[in-house]
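Commentary on secondary and tertiary structure
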Amino acid sequence: MNCQEALDLLYEIIDKEATEVDTQRVQTHLKRCQHCLEVYKIEGAVQDFIMAKLAKDTPPARLESLKSRITNRLDAIDQELN
Ligand SMILES: [Zn+2]
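Notes on the structure follow.

About the thresholds
- Along every chain, residues carry numbers that run from 1 in the direction the sequence is written.
- Where local features are concerned, this predicted model is filtered to residues with pLDDT of at least 70; where side-chain atom pairs are given and counted, the filter is 80 or more; whole-chain, interface and lining totals use all residues.
- To get the side-chain values, take all heavy atoms of the structure and skip hydrogens and water.
- Under the scheme used here, helices are H or I runs from DSSP no shorter than 4 residues and strands are E runs no shorter than 2 residues, and both carry numbers assigned from the N terminus.
- C-alpha atoms define the radius of gyration in this analysis, and the globule rule sets the expected value at 2.2 Å times the number of residues to the power 0.38.
- Exposure classes here rest on a 1.4 Å probe applied to the protein chains alone. A residue is buried below 20% of its type maximum, exposed above 50%, and partly exposed in between.
- For this analysis, residues touch if any pair of their heavy atoms sits within 4.5 Å.
- Note on areas: these come from Shrake-Rupley sampling with a 1.4 Å probe, and a residue is covered only by the protein chains present in the view.
- For Na, K and Ca the donor cut-off is 3.2 Å, while for other metals it is 2.8 Å, and in both cases only N, O and S atoms qualify; water is not among them, so sites may look incomplete.
- For this document, the term salt bridge refers to a Lys or Arg side-chain nitrogen within 4 Å of an Asp or Glu carboxyl oxygen.

1. Thoughts on the overall build of the protein
Along its length, the protein carries 5 helices and 0 strands. In sequence order, the secondary structure elements of the protein are arranged as α-α-α-α-α. The C-alpha radius of gyration computed for the protein amounts to 12 Å, which stays within 12% of the reference 12 Å derived for 82 residues, consistent with globular compactness. With respect to the three principal axes, the spread of C-alpha positions in the protein is 40 × 30 × 20 Å. Here the protein, with 82 residues, has 32% of them falling under the buried criterion. In the protein, once contacts between residues fewer than 6 apart in sequence are set aside, the share between residues at least 24 apart is 59%. Summing over all exposed atoms, the protein offers an accessible surface of approximately 5300 Å²; the carbon and sulfur share of this is 50%.

So this is what it looks like as structure tokens:
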């Protein structure tokens, strides 16, 4: 996986429920790539989301709460850029 794929999958993971295989491939990439790790670490929420998604016993409500934190943060970043 290259950086572009990893960043594309960020949105897949948040919005479109990426498969577990894709999520794990992203995890592997993040262990080697500091740049992508920084992007994924937006206030730690994305990393939390990925870890929670990989954990089998995470309640759906917790995933939803993490997801809204991430999308709110991404919206704020978009507004800062505009
Ligand atoms: Zn990368």
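Once you've had a look at it, read on.
2. Comments concerning the coordination of the zinc ion
Coordination of the zinc ion by the protein is provided by Cys 3 (SG), His 29 (NE2), Cys 33 (SG) and Cys 36 (SG), with metal-donor distances spanning 2.1 to 2.3 Å. All donor residues of the zinc ion come from one chain, and their arrangement in sequence is C-x25-H-x3-C-x2-C. Highlighted residues: Cys 3 in helix H1 (residues 3-15) and Cys 36 in helix H3 (residues 34-40), separated in sequence by 33 residues. When its relative accessible area of 0% is taken as the criterion, Cys 36 is described as buried.

3. Points about the pattern of salt bridges
Per the counting criterion, the structure on display carries 1 salt bridge. Between Asp 22 and Arg 25 there is a salt bridge, and its shortest N-O distance comes to 3.4 Å. Highlighted residues: Asp 22 and Arg 25, both in helix H2 (residues 20-32), separated by 3 residues, approximately one helical turn.

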